[in-house]
Amino acid sequence: MASEKLPRVTGDDAEELIDFIRNYVNSSGCDGVVIGQSGGVDSAVTVKLAVDALGPERVHPIFLPTDVTPKGDYDCTKRMSDLWGMDYTVINIQPAIDSLIGIIGDELSSLEKGNIAARCRMAVLYERAKKMNCLVVGTSNQSELMMGYFTKHGDGASDLLPLVNMYKTNVWQLARIIGVPTEIIDKPPSAGFWEGQTDEDEMGIKYSILDQILYGLESDRTDREISVTTGVDPETVSGIRRRVQSMKHKRLPAARPGKIL
């Protein structure tokens, strides 16, 4: 079966991202960056790039667990902080989530509760960033952004987004290049919204296949062409295309009328 050939990430790509973070933060006049550390590969890669760009004393990762956060995430975030010489900060946001759910008063699905958690996390990150004169670095990758697999004003909010042009497949490659521990690279991707939740189960497709389809869309291939080169049925490709198009509003700034006062 033929496949779309995603460009591979190289050491030069890593250096470009490190330079991007260093130059942007230094030109902003801020003292450093705040990053939501989750124990997943995206946040690990983002944290390591920031450490390489700014030094560990200017990088402030914050772990923001809830009652459903696996104990393993506590362990691996602590090990990463120790490995890369950063302070380890933990803030349990479950009380904030419970308070908001109580205010809303409705029966909420697991996804709706997860969105509330994501927005609580971002509120904490921006509060800490303001207090420390820092920028908030986002951890979303291109696969998540194209699929709309993020929470508006939650993990979708940030001041800079280093992985915006990296498919999940690229992030795994980059993680090995910059020295992210294998145990983190090999973990099943999860937003941690509920116990046992994984990205691929929720989206209904493996990243290895999804990224080939997304790259085909980005390369202006037809659904039929993508189907032939990936071996994925045309209906699945069409469904992914519709989702990418329908999620456009999540990737763009708020719509505004033509005249700006």
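Computed from a predicted model, the values in this text were never measured in an experiment.

A.B. asks: Explain unusual backbone geometry to me, and be specific about the residues and the numbers.
C.D. replies: Of all residues except glycine, most have a negative phi; of all peptide bonds, most are trans. Phi at His-153 is positive, roughly 60 degrees, even though this residue is not glycine. Positioned with a positive phi, Asp-220 is a non-glycine residue whose angle comes to about 65 degrees. Note on placement: Asp-220 falls in the loop between helix H10 (207–218) and helix H11 (223–230). For Asp-220, a relative accessible area of 68% translates into the label exposed.

A.B. asks: Go over the nonpolar core, please, and point to the residues and values.
C.D. replies: One finds Val-45, Leu-49, Leu-174, Val-180, Leu-214 and Ile-240 to be the most contacted residues of the largest nonpolar core, which totals 53 residues. Counting residues per element, this core draws most heavily on helix H2 (residues 41–54), which supplies nine residues. Not counting residues within four places of it along the chain, the set of residues in contact with Leu-49 comprises Ala-14, Leu-17, Ile-18, Ile-21, Leu-163, Leu-174 and Ile-178. By size, the runner-up hydrophobic cluster in this structure holds 18 residues, among which are Ile-101, Ile-116, Met-122 and Leu-125.

A.B. asks: Account for the packing of aromatic side chains, with residues named and values stated.
C.D. replies: Under the definition given, this model contains four aromatic pairs. Seen from their ring centres, Phe-20 and Tyr-24 are 6.1 Å apart, and the 35 degrees between their planes marks the pair as tilted. Of this pair, Phe-20 and Tyr-24 both sit in helix H1 (residues 11–28), separated by four residues, roughly a single helical turn. The exposure class of Phe-20 is partly exposed, given its relative accessible area of 33%. On the basis of relative accessible area, Tyr-24 is assigned to the partly exposed category, the value being 39%. Ring centres 6.3 Å apart and planes at 90 degrees place the aromatic pair Tyr-167 and Tyr-215 in the edge-to-face group. With Tyr-167 in the loop between helix H6 (142–147) and helix H7 (168–178) and Tyr-215 in helix H10, this pair connects stretches of sequence that are 48 residues apart. Taken as a pair, Tyr-167 and Tyr-215 share a single burial class, namely buried. Over the ring of Phe-150 we find Lys-250, and its NZ or CZ is 4.7 Å from the ring centre.

A.B. asks: Can you break down the sheet that holds strand S2 (residues 59–63) residue by residue, with the values?
C.D. replies: Spatially, S3-S2-S1-S4 is the arrangement adopted by the four strands of the open sheet, whose pairing is parallel. Unpaired on one side and paired on the other, strand S3 (89–90) and strand S4 (134–137) mark the two borders of the sheet. Where H2 meets the sheet, it contacts strand S1 (32–37), S2 and S4, and its direction lies at approximately 160 degrees from that of S1.

A.B. asks: Describe a nonpolar patch on the surface, and please don't skip the residues or the numbers.
C.D. replies: Together, Leu-100, Ile-103 and Ile-104 line one region of the surface with nonpolar side chains, adding up to about 290 Å² of accessible area. Within the element layout of this structure, Ile-104 appears in helix H4 (residues 94–104).

A.B. asks: Lay out the pattern of salt bridges with the relevant residues and their values.
C.D. replies: Scanning the model with the defined rule gives 11 salt bridges in all. Its salt-bridge partner being Lys-78, residue Asp-82 comes within 2.7 Å of it at the nearest N-O pair. Of this pair, Asp-82 and Lys-78 are both found in helix H3 (residues 71–83), four residues apart, which corresponds to roughly one turn of the helix. Salt bridges sharing common partners tie together Glu-127, Arg-128 and Lys-131.

A.B. asks: Can you explain H2? Please cite residues and give values.
C.D. replies: Its 14 residues place the ends of H2 20 Å apart at the C-alpha level, agreeing with the 20 Å of an ideal helix rising 1.5 Å per residue. The buried count for H2 comes to 13 of 14 residues, which makes it a mostly enclosed element. Just beyond H2, the residue with positive phi is Gly-55, at close to 90 degrees.

A.B. asks: Hey, could you go over the pairing of S2 for me, with residue numbers and the actual values?
C.D. replies: Working note: regular strand, side chains alternate between the two faces of the sheet. Most of S2 is tucked away, with four of its five residues classed as buried. Across five bridges, the pairing between S1 and S2 is parallel. Bridge assignment links Gly-36 to a residue of S2, and that residue is Ile-62. You can see the chain leave S1, run along H2 and come back into S2, and the turn it takes is right-handed. Relative to S3, S2 runs parallel, the two sharing two bridges. Of the residues in S3, the one forming a bridge with Ile-62 is Thr-89. For the segment spanning S2, H3 and S3, crossover handedness is right-handed.

Here is what the cut-offs are and how they apply
- Residues numbered from 1 in each chain as written.
- Predicted model: local features only at pLDDT ≥ 70, side-chain atom pairs only at ≥ 80, totals over all residues.
- Heavy atoms only, no water.
- Helix = DSSP H or I, 4+ residues; strand = E, 2+ residues; numbered from the N terminus.
- Buried < 20%, exposed > 50% of the residue type's maximum accessible area, 1.4 Å probe, protein only.
- Core = buried A, V, L, I, M, F, W, Y, C linked by side-chain atoms within 4.5 Å.
- Contact = heavy atoms within 4.5 Å.
- Phe/Tyr/Trp six-rings, centres within 6.5 Å; stacked < 30°, edge-to-face > 60°.
- Lys NZ or Arg CZ within 6 Å of the ring centre and 35° of its normal.
- Pairing = 2+ DSSP bridges.
- Axes fitted to C-alpha atoms, helices over the stretch in contact; angles between N-to-C directions.
- Patch = residues over 30% accessible without salt bridge, like charges linked within 9 Å, V, L, I, M, F, W, Y side chains within 5 Å.
- Areas by Shrake-Rupley, 256 points an atom, 1.4 Å probe, with all protein chains shown as cover.
- Salt bridge = Lys/Arg side-chain N within 4 Å of Asp/Glu carboxyl O.
- Expected span 1.5 Å × (residues − 1).
- Right-handed = clockwise from strand over helix to strand, strands pointing away.

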